[in-house]
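Chain by chain, the residues:
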Amino acid sequence: MSLPYRSDLRAWDVIVAGGGTAGAVAGIAAARTGARVLVVEAQGSLGGTGTNAWVTPLMRNVSGGQNLNRGLTDELKARLAARGDGATDAGGNDNWFNPEGLKFVLEELLQEAGGEVLYHTQVVQPLMEGGHIGALIVHNKGGLQALRAAVFIDATGDADVAALAGVPFQAGDEDGVHQAMSLRFTLAGVDVGRLRDFLNAQGQWQDSPDFLHFWMVWGRKSSLEGLFREAVAAGVLEERDGDYFQGFSVPGRPGELSFNCPRIRADLNDATDPWQLSAAQTDGRAAITRLLAFCRRFLPGCGGAYLGVVAPMVGVRDSRRIVGDYTLTVTDLLDCVKFPDVICRNHYPVDIHSVRGGARLLHEREGSAPYFAPDAWHDIPYRALVPQGASNLLVPGRAASSTFEAQSAIRVQQNCHSMGEAAGIAAAWAATPSGRSDVRAVDVAALQDELRRRGGNV
Ligand SMILES: Cc1cc2nc3c(=O)[nH]c(=O)nc-3n(C[C@H](O)[C@H](O)[C@H](O)COP(=O)(O)OP(=O)(O)OC[C@H]3O[C@@H](n4cnc5c(N)ncnc54)[C@H](O)[C@@H]3O)c2cc1C
């Protein structure tokens, strides 16, 4: 009987499954380390949640006034700024970017490093040889194919490869419930000056003449709450549309506002269930129709505005998390635990967008834990990227080994960049003959030196 897939005769040193926030950076870092790299991506561009789910900005991850993520994430910011697709706001936050620009930057950096990408291709199955992955079966317009490599990086966000390889994983909170998904969109053709004057008059002070940031969450004392109440009473919005509403400007796109909403219906929170994911897209579009009507009718300066972009990907905050050689906990965060195998530092708080309403931030908890000092941070260890039961696989990004609460803190984009950079270098080293395709044999002290040599902060 012939095999149901065609084997690609080429083989790579490193294959990255998923060219998203962590995966694109991992591919660039591995290629710069000298590995033959292939990034396999389901969408038609790199960047994942940061680009195709339109998640801007990079959340700040600062301790003692210094950004904790450096290295490749700094390079992305510099390239974005050079294109006019990155900006610093009046508060000194340099993490704003245009998602469309980031797609170009990531692709350029990967190609300059000699890496390859295969778009519109879904990884469907790893071929296992014991605890070792021999190849990935992928599906695209060419049918099923097997792609071989010495080492693999699972940067699908959902730990698709790891789960299919038999790596143990956790999903959701103690009840298996995930954070809310969101379908982000933009509003174009906005009279930003008029809207700014209105927001200032409402008490949502705008620091910069051309950079807006405004929000409303029920019960959080937003000055826009009255307007939302009126819109619900008028049948323009549903009650749930006020569970989370946030808008801001986008660099390089004057007159356009990007929205960190709508939240998807609470019962649709499992992104690994294809039916829920599909229904989330439909539910999100219906909510966008309501929010569009609200903005046009209730927000001055938006009367002539139109729908700019609906993100191609539903934004997923959490799905599967691997069980790795170390699982990061919220106690590690609060106690600012430092690990000998640190590959990334974090001071972003627990940030749970619960489907039960609101957003929970660790900063709002009373506490004298070391975490609350302004110059505090905790480490993310290399072992959190190393999945149990697999020898040639690394899992950077939001699926890294962590508890539900800890994941909600470390998942922000710059941490995904840093985890991706470390995974890329480690995978490239493990793929050499002396590395024996064993990610546990990587010299972590040498990895830390290499990260520092590339501008990293570990
Ligand atoms: C609504 C929302 C708002 C957020 N706000 C912020 C914010 O303001 N700032 C911030 O820093 N962070 C924010 N985050 C968190 C952050 O954006 C994500 O945690 C992070 O981008 C995840 O990166 P990742 O590399 O793990 O996954 P992703 O970036 O999602 O990458 C996964 C990639 O794998 C691809 N893929 C998936 N499965 C397969 C497969 N089987 N085969 C091939 N390819 C596959 C996907 O297409 C995607 O490109 C937000 C997240 C969401 C959802």
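For every chain, the first residue of its written sequence is number 1, and the numbers climb from 1 along that sequence. Thresholds applied to this predicted model are a pLDDT of at least 70 for local features of residues and 80 or more for the giving and counting of side-chain atom pairs; totals over whole chains, interfaces and linings are not thresholded and use all residues. The side-chain numbers reported here are obtained from all heavy atoms of the structure, hydrogens and water having been left aside.

Draft legend 1. Inspection of unusual backbone geometry at higher detail. Of the consecutive residues T56 and P57, the connecting peptide bond is found in the cis state with omega at 10°. A run of H or I in DSSP becomes a helix once it reaches four residues, and a run of E becomes a strand once it reaches two; helices and strands are each numbered from the N terminus. Relative to the helices and strands, P57 is located in the loop between strand 2 (37-40) and strand 3 (62-63). Here the bond from C261 into P262 is cis, since omega is 5°, no more than 30 degrees from zero. Tracing the backbone shows P262 in the loop between strand 15 (257-259) and helix 7 (274-298). The phi dihedral of W54 is positive, around 60°, even though this residue is not glycine. Of note, H120 is a non-glycine position whose phi angle comes to about 50°, a positive value. Note that H120 resides in the loop between strand 7 (116-118) and strand 8 (122-129).

Draft legend 2. A look at helix 6 (residues 225-233). Working definition: with a 1.4 Å probe on protein chains only, accessible area under 20% of the residue-type maximum means buried, over 50% means exposed, and in between means partly exposed. Those residues of helix 6 lying buried are L227, F228 and A231. Looking straight down helix 6, one finds that the buried residues subtend no more than 100° of arc, so they occupy a single side. Should any heavy atoms of two residues lie within 4.5 Å, those residues are counted as being in contact. In the core, the buried residues of helix 6 are packed alongside helix 5 (192-202), strand 13 (213-216), strand 14 (245-249) and helix 7. Looking one or two residues past helix 6, G235 carries a phi angle of roughly 80°, positive in sign. The reported arc concerns the directions from the helix axis to the C-beta atoms and nothing else.

Draft legend 3. Representation of the domain arrangement of the protein within the structure. Each assigned domain of the protein is listed with its residue range as follows: domain 1 (6-175 + 320-453) and domain 2 (185-310). For domain 1 and domain 2, the distance between their C-alpha centroids amounts to 29 Å. Contact with domain 1, which involves 23 residues of that partner, is made by 19 residues of domain 2. The junction of domain 1 with domain 2 conceals about 1600 Å² of combined surface from both sides, 65% of it contributed by carbon and sulfur atoms. The largest contributions to the domain 1 side of the interface with domain 2 come from W54, W96 and V355, which together make up 35% of the buried area. The term salt bridge refers to a pairing of a side-chain nitrogen on Lys or Arg with a carboxyl oxygen on Asp or Glu at a separation within 4 Å. For the interface between domain 1 and domain 2, the tally reads zero salt bridges. Whenever two N or O atoms come within 3.5 Å, that pair is a polar contact, provided that in protein one can donate a hydrogen and the other can accept it, and provided that, for residues adjacent in sequence, both atoms are side-chain atoms. Inspection of the domain 1/domain 2 interface yields two residue pairs in polar contact (both at pLDDT 80 or more). Segmentation into domains, and thus their bounds, comes from an automatic or database assignment. Values labelled buried area give the accessible surface lost by two parts on being combined, using a 1.4 Å probe and summing over both.

Draft legend 4. Spotlight on the pattern of salt bridges. Across all of its chains, the model carries 27 salt bridges by this definition. Note that R320 and D160 form a salt bridge whose closest N and O atoms lie 3.0 Å from each other. One end of the pair, R320, is in strand 17 (residues 320-322); the other, D160, is in helix 4 (residues 160-164), with 160 residues separating them in the sequence. Owing to a relative accessible area of 16%, R320 belongs among the buried residues under this scheme.

Draft legend 5. The arrangement of the site of the ligand in detail. Not every one of the 34 residues close to the ligand is listed here, only the nearest: T21, E41, T49, P57 and R411. Between R398 and the ligand, the recorded distance is 2.9 Å, taken from a backbone N or O atom to an oxygen atom. Within the contact set of the ligand, an oxygen atom lies 2.7 Å away from a backbone nitrogen or oxygen of R411. Considering the ligand on its own, with 1000 Å² of exposed area, one finds that the protein chains cover 96% of that surface. For the shell around the ligand, the secondary structure elements donating two or more residues are helix 1 (21-32), strand 8 and helix 10 (413-430). Nearness of a residue to a molecule or strand requires only that one of the residue's heavy atoms be within 4 Å of it. Accessible surface area values rest on a Shrake-Rupley calculation with a 1.4 Å probe, where residue burial reflects the displayed protein chains alone.

Draft legend 6. The arrangement of the sheet that holds strand 13 in detail. When DSSP finds two or more bridges between two strands, those strands count as paired. Pairing within the open sheet is antiparallel, and its five strands lie in the order 13-14-15-12-16. Both outer strands of the open sheet, strand 13 and strand 16 (306-310), are each paired with one neighbouring strand and no more. Within this sheet the neighbouring strands show an average axis-to-axis angle of 25°, counted without direction. When strand 13 meets strand 14, the two strands line up antiparallel, connected through four bridges. Across the sheet, H213 pairs through a bridge with F248, a residue of strand 14. Axis geometry follows a simple rule: fit a line to the C-alpha atoms, using only the stretch in contact for helices, then measure angles between N-to-C directions, giving values from 0 to 180 degrees.

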